[in-house]
Amino acid sequence: MVTPALRIQLLHDLTAAGERLEAIAERTGGSQSSEAAQRVDAIIEQVRTQGDAALLELTERFDGVRPDPLRVPPAELKAAWGRCPADLQAALQLAHRRILDFHQRQRPADLSVTGVHGERLGRRWRPVERAGLYVPGGRASYPSTVLMNAVPAKVAGVERLVMVTPPGSDGRVNDTVLAAAHLAGVDELYRVGGAQAIAALAYGTESIPRVDVVTGPGNLYVTLAKKAVYGRVAIDSLAGPSEVLVIADASANAEHVAADLLAQAEHDPLAAAILLTTSEALAAAVPAALEAQLQGHPRAAITRQALEDWGLIVVCPSLEDAALLSDRFAPEHLELQVERPEPLAERIHHAGAIFLGAWTPEAVGDYLAGPNHTLPTSGTARFAGALSVETFLRHTSLIQFNRQALEATGGAVMALAESEGLHSHAESVRLRLG
């Protein structure tokens with residue numbers, strides 16, 4: 001059977017392009033999200049009330065296997081590392097070193113200030129006790145996600161790392177994922193995924209401990225479950241399907257641009273791959289390059305669907321227009337395949353990660369550049385950033401007044417308290433000052 005030629009939308013009108021970008025950003029909303037949220041609520045309640053029994057039943061229902069026992073023995077993680085081919089071990093170790101080095105530089109310093117009256121003020125950072133790390137499974141295995149979640153948690157000083165991931169059709173967890181968990185120092189690993197895994201981390205079961213923060217990307221059900229349990233636990237973000245936006249000028253190589261668009265589209269049928277270019281020639285060449293690289297592609301069906309549903313090419317009058325459109329979309333990954341990427345990067349306000357120049361494919365950020373690859377999606381880069389060491393830390397304010405400081409400021413405290421009608425607030429100061 002002959003596969004029809006790839007159909008990817010091409011626009012020249014910037015108003016239409018802006019509207020299309022907004023529609024792409026909102027692609028997981030609407031009735032689909034509402035119906036899924038109801039199913040997620042039912043799953044969370046089942047796990048909350050039935051514990052491990054619910055996890056076994058739901059995993060059998062959704063994944064076709066019954067993971068009994070839920071926990072992967074620690075020795076199996078070490079054994080998986082031993083089974084890793086030498087070149088893969090070396091690649092994982094290189095990625096781990098680079099990610100560790102970058103995140104070690106992120107740890108915030110405590111703050112201590114002495115005020116004009118001798119009062120002492122400060123802010124102290126401490127790690128959460130337990131972190132829950134969600135690593136997706138299903139369509140692919142993601143050892144890189146293990147490293148990107150576990151390394152900053154370790155750097156933060158988290159005592160107990162609890163990882164959950166869906167089992168494969170054989171009931172096992174992918175060997176490379178297990179090896180990465182061993183390398184990164186994961187303490188416990190459980191064979192469960194989906195909304196039920198998030199519920200287990202938030203509420204605890206007989207086997208899985210309740211954690212303080214849940215991190216890691218997942219599908220719509222995982223994201224909605226994280227949203228539902230937020231407040232009982234902290235979360236890193238509400239990550240949607242992956243996305244890349246490439247801004248390119250006439251200097252860009254069409255095959256390279258196509259490869260980078262495909263690298264995002266192969267993740268998921270809901271992944272978005274967008275090109276904004278000032279070059280008519282590049283806009284014409286990229287669809288043919290995409291089609292050529294799709295021939296024999298092992299994930300061609302998924303990739304083609306993503307490109308046809310959520311792919312977009314826009315021809316822009318200038319790089320300034322491209323930057324404005326990009327900021328309107330606020331992409332998770334932004335590639336600048338232009339002759340002078342640095343000035344354009346300064347112009348960008350909203351992006352999860354920016355990849356500068358022709359020699360920086362987004363894939364290096366996924367695996368080993370160093371900065372975290374868990375990034376804001378669906379326009380949330382307007383107000384959110386990457387997962388970091390701070391995700392696993394919380395800060396506490398420290399305040400110590402002496403008599404001089406209270407005498408100097410107490411009158412203002414009492415005036416403010418009385419203006420709010422809070423009598424005892426004022427009295428707590430007045431009594432001390434006599």
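Note that this is a predicted model, so its numbers are computed, not measured. All residue numbers here refer to positions counted from 1 along the written sequence of the relevant chain. This being a predicted model, a pLDDT of at least 70 is required before a residue's local features are given, and a value of 80 or more before pairs of side-chain atoms are given or counted; all residues contribute to the totals for chains, interfaces and linings. Values shown for side chains rest on all heavy atoms present in the structure; no hydrogens or waters enter the calculation.

Peer 1: Explain unusual backbone geometry to me, please; I cannot follow it from the model alone.
Peer 2: Most peptide bonds adopt trans geometry, and most residues besides glycine take a negative phi value. Residue D68 is joined to P69 through a cis peptide bond whose omega torsion reads 10°. Looking at where P69 falls in the secondary structure, it is placed in the loop between α3 (52-63) and α4 (74-83). The phi torsion at S378 lies on the positive side, around 55°, for a residue other than glycine. The topology assignment puts S378 in the loop between α15 (362-367) and β14 (393-400). Put simply, DSSP marks the helices as runs of H or I at least four residues long and the strands as runs of E at least two long, and each gets a number from the N terminus on.

Peer 1: What's the story with the packing of helix α16 (residues 403-419) against helix α17 (residues 423-433) in this structure? I'm lost.
Peer 2: Helix packing geometry: the angle between the two helix axes and the distance between the axes. Fitted lines through C-alpha atoms give the axes, limited to the stretch in contact for helices. The angle between two N-to-C directions lies from 0 to 180 degrees. Axis separation between α16 and α17 bottoms out at 9 Å; the angle between their running directions is 150°. What the angle tells us is that α16 and α17 run roughly antiparallel. When the axes of α16 and α17 are compared, the crossing they make is left-handed. Where α16 abuts α17, its residues R403, L406, E407, G410, V413, M414, A417 and E418 lie against H425, A426, V429, R430, R432 and L433. Just so you know the grouping, Ala, Val, Leu, Ile, Met, Phe, Trp, Tyr, Cys and Pro go in nonpolar, Asp, Glu, Lys and Arg go in charged, and all remaining residues, Gly too, go in polar. Partitioning the contact of α16 with α17 into residue classes produces seven nonpolar, two polar and five charged. These descriptions rest on fixed angle ranges, namely under 35 degrees for roughly parallel, over 145 for roughly antiparallel, 65 to 115 for roughly perpendicular, and the rest for oblique. With the far helix as reference, a near helix turned anticlockwise by less than a right angle produces a left-handed crossing, and one turned clockwise produces a right-handed crossing. Whether two residues are in contact is decided by their heavy atoms: any pair within 4.5 Å suffices.

Peer 1: How should I be thinking about the pairing of strand β9 (residues 243-248) in this particular structure?
Peer 2: If a strand is regular, its side chains alternate between the two faces of the sheet. To sort residues, take the accessible area from a 1.4 Å probe on protein chains only and compare it with the maximum for the residue type: under 20% means buried, over 50% means exposed, and anything in between is partly exposed. Where burial is concerned, most of β9 is hidden: six out of the six residues are buried. Neither face of β9 is exposed, since E243, L245 and I247 on one face and V244, V246 and A248 on the opposite face are all buried. By definition, two strands form a pair when at least two bridges between them are found by DSSP. Note: β9 against strand β10 (residues 272-277), six bridges, orientation parallel. Note on β10: the bridge partner recorded for V244 is A273. The handedness of a crossover follows from its direction of travel: if, with the strands pointing away from the viewer, the path from the first strand over the helix to the second runs clockwise, the crossover is right-handed. Running through helix α10 (residues 254-265), the crossover from β9 to the neighbouring parallel element β10 is right-handed. Pairing of β9 with strand β12 (residues 333-337), which is carried by five bridges, proceeds in the parallel orientation. From the neighbouring strand, V246 faces β12, where its bridge partner is E335.

Peer 1: In this structure, what is going on with the sheet that holds β14? I would like to understand it.
Peer 2: Picture the strands of a sheet paired through backbone hydrogen bonds; they go either parallel or antiparallel. If you trace the three strands from one edge of the open sheet to the other, you get β2-β3-β14, paired in antiparallel fashion. Lying at the two open borders of the sheet, with one neighbouring strand each, are β2 (111-114) and β14. Between one strand axis and the next, the sheet turns through 15° on average, direction left out of account. The pairing of β2 with strand β3 (residues 120-127) spans four bridges and is antiparallel. Bridged to V113 within β3 is L121.

Peer 1: In this structure, what is going on with the sheet that holds β10? I would like to understand it.
Peer 2: Read from one edge to the other, the open sheet built from six strands follows the order β1-β11-β10-β9-β12-β13, with strand pairing classed as parallel. With partners counted over all chains shown, the strands left at the sheet margins are β1 (9-11) and β13 (353-356), one partner each. Between one strand and the next, the sheet's axes are offset by a mean angle of 15°, whatever the strand orientation. Strand direction decides the pairing type here: β1 and strand β11 (residues 311-315), joined by three bridges, are parallel. The partner of L10 across the bridge, within β11, is I313. Of the strands in this sheet, β9, β10 and β12 are in contact with α10, which crosses β9 at around 165°. Across the face of the sheet, helix α12 (residues 300-310) comes into contact with β10 and β11 while running at roughly 45° to β11.

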